[in-house]
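For reference, the chains in residue letters:
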Amino acid sequence: MASTQRAAVTSDAPTKNVALLNWVARCAQMTQPDRIIWCDGSEAEKKRLTEQAVKEGILIPLNQEKRPGCYLHRSNPNDVARVEHLTFICTPNKTDAGPTNNWMDPEQAYTKLGLLFDGSMKGRTMYVVPYAMGPLGGTSTKIGVELTDSIYVALNMRIMTRMGKPALDMLGDSEDFNRGLHSTGDVNPDRRYICHFPHDNTIWSFGSGYGGNVLLGKKCLALRIGSYLGREEGWLAEHMLILGVTDPKGQTTYVAAAFPSACGKTNFAMMIPPKSYQGWKVETVGDDIAWMRVGPDGRLYAINPEAGYFGVVPGTNTKTNPNAMATIAKDTLFTNVAMTADGDVWWEGKDGEVPEELIDWQGRPWKKGSPDKAAHPNSRFTAPMTNNPALSPKANDPQGVPISAIIFGGRRSNTVPLVLQAFNWTHGVFLGATMGSETTAAATGKVGVVRRDPMAMLPFCGYHMGDYLQHWLDMQKSITHLPKIFQVNWFRQDKNGKYLWPGYGENMRVLEWIVNRVHGRVPTQETLLGWVPRQGDIPTQGLDLPPEAISEATSIKADEWKSELKSQEVFFEQLGTKAPEALMLQRKLLISRLGS
Ligand code: SAT
Ligand code: MN
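Small disclaimer: the values here were computed from a predicted structure and weren't measured. (Residues numbered from 1 in each chain as written. Chains lettered and ligands numbered in written order. Predicted model: local features only at pLDDT ≥ 70, side-chain atom pairs only at ≥ 80, totals over all residues. Heavy atoms only, no water.)

**Looking at the coordination of the manganese ion (ligand 2)**
In the first shell of the manganese ion (ligand 2), the protein supplies Lys-219 (NZ), His-239 (NE2) and Asp-288 (OD), at 2.1 to 2.2 Å from the metal. Read in sequence order, the donor residues for the manganese ion (ligand 2) give the motif K-x19-H-x48-D. Taken together, the residues His-239 in the loop between strand 12 (236-238) and strand 13 (240-246) and Asp-288 in the loop between strand 15 (281-286) and strand 16 (290-294) connect sequence positions 49 residues apart. His-239 sits in the buried class, given a relative accessible area of 0%. (Donors = N, O, S within 2.8 Å, 3.2 Å for Na, K, Ca; no water. Helix = DSSP H or I, 4+ residues; strand = E, 2+ residues; numbered from the N terminus. Buried < 20%, exposed > 50% of the residue type's maximum accessible area, 1.4 Å probe, protein only.)

Structure below.
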C-alpha cells in the first residue's frame with residue numbers, strides 16, 4: 001500500500017522536490033485518500049473544482065446575473081468560528097507556549113491527532129495546495145503547502161493566497177516550507193484540534209471546516225507560526241491591517257492597525273473618506289495581517305501576506321463599507337449568510353428592506369420578524385483583493401510599504417478614549433500590551449465580555465506572550481525611523497449605551513489627526529494617558545453629534561481607570577517573570593500619574 005501510494009504521488013506530481021514528495025507520500029499513507037490532486041491555481045482548475053463542489057452540494061450557486069461567480073457555502077452549525085480552546089501550540093517545553101496558549105506536548109499531539117488522521121481521507125480526495133504568503137518572489141514571502149480533503153478549503157485558499165504553480169515554482173527544491181495537514185473528519189467538536197508545531201514549521205488541523213481553523217495560511221501560518229519565526233528572525237507578524245492614506249498634496253502615509261477579530265479592521269482598511277475630505281484617498285494594502293521587517297533605510301516595511309479578504313459579512317452595507325460591497329459583487333464565496341428567493345445573498349445590516357422571506361444560514365425557511373438571525377453573526381465572505389476598488393498599487397510590492405504610524409484599537413464601551421498618541425515606542429508597546437476588547441462572534445464563547453488582548457494577538461501569538469512583548473520592545477533597537485504609536489477606540493458609549501463616535505468613514509477625521517501628528521503638523525495636548533487632540537483638532541462639522549460627544553469620547557474617568565489598572569495587573573501577573581521590566585515601569589508611571 002505504502003509503495004503504491006508513494007508511486008501515485010510521485011508520478012502525477014508537478015514537482016521534483018524530494019522533501020515535498022516524501023512528506024505528501026507520508027501523509028497520504030496515514031490518511032489514505034482515494035485520489036490525490038495537485039492544485040495548480042489555474043482558471044480551468046477553479047472551474048473544475050467549483051463544478052465538483054456544486055455537484056457535491058458543498059457550494060450553492062447564487063444568482064449569476066446578480067452575483068457572477070459567487071457561491072454560498074453552509075457550514076455545519078457546530079462549526080462557525082475559531083475554537084480557541086481546541087487550538088494548541090505544541091512546543092517541546094510548555095513554558096515556551098506561555099500561559100495564554102493551550103499547550104500540548106508535540107509527541108503526544110502527533111500521536112493523538114495521528115490516530116484521528118489515520119484513514120480519515122478514505123473515500124475522499126486529498127488536495128495538495130501549494131501557496132505563497134506574500135508577493136511572489138519577495139524575500140519576506142513564505143511558502144506553505146496545505147494537504148486537505150476539503151474542496152471548499154482548496155477553493156478558499158485559491159482566493160486567500162497566491163496558490164498553485166507559481167508557489168511551487170518559488171519553492172523549487174527547497175525544504176523550507178510550512179507543512180499543513182487538514183482533514184474535515186466528521187466535524188465533531190469533540191474530535192477537533194488545531195495544533196501548531198513551530199519547531200517543525202508544521203500545522204495539523206482536524207475536525208473543522210471553518211476558515212480560521214482550516215485556511216492554514218491565515219491565522220495558523222501567517223500569525224501563530226509567523227510570530228514564532230518573526231522572533232527568531234527579527235521581524236514582526238501582526239494581526240494588523242495596512243493602509244495608505246494620501247493627502248490632497250499627494251503625500252502617502254502608510255499606517256498599520258491592530259484590532260481584535262470582528263472590530264472593523266476590514267472597514268477601516270477600505271474606508272472611503274467623507275465628502276468633506278475631498279482630495280484625500282485611502283487605499284488598502286491588507287485588511288487582517290501584516291508582516292513587518294526593518295528595511296535597508298532603517299524604516300519598518302510591511303507586506304500583506306494574503307491575496308484575499310475573509311471578512312465578516314453582517315453589518316456590511318454601502319454606508320459602512322462601500323468598497324467591500326463592490327468587492328463582494330463578484331467571484332466571492334459566501335459562508336453562512338442567508339439566501340433570498342431569487343438566489344441572492346442577505347445578511348443583517350445589508351442595505352434596503354428586510355425581505356419577507358429568506359432561507360437562513362442553516363438552510364431553513366425564515367420569516368421577517370423572526371427572533372433568529374437569518375445570517376450567522378460570524379458569516380464571512382472570501383473575496384480576491386483585486387476586486388477591491390481601493391486596492392493599493394503597492395499591495396503586490398515584495399518590498400512592502402514603509403510604516404509611519406501603528407494604531408492599536410479595541411472595542412471598549414467605556415474607559416479608553418477615542419484617540420491618543422503614545423509618548424514614545426516603549427509607551428506605545430505598553431498601550432498595545434494593555435489593549436482590552438469586548439469579545440465578538442469571531443470566536444466561540446460568550447460575546448461582549450472584556451478580555452485583555454495584547455496587540456489583538458492573544459489568540460494568534462505562537463509563543464510566550466511575555467517574550468512576544470519583549471520582542472516588540474527589542475525591535476526599537478533595529479528601527480532607526482520608529483513609527484509613531486497611537487491608540488483608538490471607536491466604540492465608546494454614553495451612559496445610555498449610545499455610541500459617542502459615528503465610526504466607519506468618519507474615522508477619517510481621526511486618521512487625519514494621526515497623519516498630522518506623524519508629520520509634526522499639529523501641536524497636541526498632554527494627558528495622563530498620552531497625547532490627545534486639542535479641542536477642535538478633530539473636526540466635527542457635518543456630524544450629527546451632541547456638543548459634548550467629543551469631550552465625552554476622550555474623557556478619562558478615575559473610577560474606570562482604577563478597575564482598568566486592576567484588570568491589567570491580573571494580565572501581567574499571568575506572565576510572571578516574563579512580564580517585561582520596561583512595561584512594568586510604564587505601569588508604575590501610569591499609576592503614579594493617575595495618583596491611584
Ligand atoms: O476566522 S478568522 O480567524 O479567519 C478571522 C478572524 O477571526 O480574524
Ligand atoms: Mn483577523
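**Looking at the side chain of Asp-79**
If you trace the backbone, Asp-79 turns up in the loop between strand 3 (71-73) and strand 4 (87-89). Not counting residues up to four positions away in its chain, the partners in contact with Asp-79 are Val-187, Arg-192, Ser-208, Gly-209, Tyr-210 and Asn-213. (Contact = heavy atoms within 4.5 Å.)

**Structural notes on the site of ligand 1**
Taken together, the residues surrounding ligand 1 are Arg-82, Tyr-210, Gly-212, Lys-218, Lys-219, His-239, Ser-261, Phe-310, Arg-380 and Ala-442. Between Arg-82 and ligand 1, the recorded distance is 2.7 Å, taken from a side-chain N or O atom to an oxygen atom. With respect to ligand 1, the side chain of Tyr-210 contributes an N or O atom lying 2.6 Å from an oxygen atom. With the chains in place, 98% of the 250 Å² that ligand 1 exposes on its own is no longer accessible. Each residue belonging to the shell around ligand 1 can be placed in one class, and the counts come to three nonpolar, three polar and four charged. Built from parts of two domains, the shell around ligand 1 gets at least three residues from each of domain 1 (3-58 + 85-233) and domain 2 (237-307 + 391-594). (Near = heavy atom within 4 Å. Polar contact = N/O pair within 3.5 Å; in protein donor to acceptor, adjacent residues only side chain to side chain. Areas by Shrake-Rupley, 256 points an atom, 1.4 Å probe, with all protein chains shown as cover. Nonpolar A, V, L, I, M, F, W, Y, C, P; charged D, E, K, R; others polar. Domains from an automatic or database assignment.)

**Some thoughts on the side chain of Arg-380**
Of note, Arg-380 is situated in strand 24 (residues 380-384). Engagement of the side chain of Arg-380 in a polar contact is seen with the backbone oxygen of Phe-310, the distance being 3.0 Å. A polar contact is formed between the side chain of Arg-380 and the side chain of Asn-378, at a distance of 2.9 Å. Beyond its immediate chain neighbours, meaning those up to four positions away, Arg-380 contacts Tyr-210, Phe-310, Gly-311, Val-312, Val-313, Leu-333, Phe-334, Thr-335 and Ala-442.

**Let's talk about the nonpolar core**
With 89 residues, the main nonpolar core has Met-240, Met-292, Ile-403, Ile-406, Phe-408, Tyr-468 and Trp-472 as its most contacted residues. Each of domain 1 (3-58 + 85-233) and domain 2 (237-307 + 391-594) gives at least three residues to this core. If we skip the residues at most four places from it in the chain, Tyr-468 touches Glu-238, Met-455, Met-457, Cys-461 and Tyr-463. Grouped together as the second largest cluster of nonpolar side chains are 35 residues, Met-30, Met-104, Phe-117 and Ala-167 included. (Core = buried A, V, L, I, M, F, W, Y, C linked by side-chain atoms within 4.5 Å.)

**Details of the environment of Gly-410**
Within the element layout of this structure, Gly-410 appears in the loop between strand 25 (401-409) and strand 26 (419-421). Sequence separation between Gly-410 and Trp-561 is 151 residues, and the spatial gap between their C-alpha atoms is 16 Å. Apart from the residues lying within four places of it in its own chain, the contact partners of Gly-410 are Phe-259, Pro-260, Gly-436, Ser-437, Val-488, Asn-489 and Phe-491.

**Structural notes on the UniProt feature "binding site: Mn(2+)" (unreviewed entry) in the protein**
Per the UniProt record, "binding site: Mn(2+)" (unreviewed entry) is annotated on Lys-219, His-239 and Asp-288. Spanning 70 residues, the named residues form one tight spatial group whose C-alpha atoms are at most 9.5 Å apart. A distance of 3.2 Å separates a polar atom in the side chain of Lys-219 from a polar atom in the side chain of His-239. In this structure Asp-288 comes out as buried when scored by relative accessible area, which is 7%. Beyond its immediate sequence surroundings of up to four residues, Asp-288 is in contact with Lys-218, Lys-219, Glu-238, His-239, Met-240, Leu-241, Lys-265 and Glu-306. (UniProt positions renumbered as here; feature names shortened; annotations may be inferred.)

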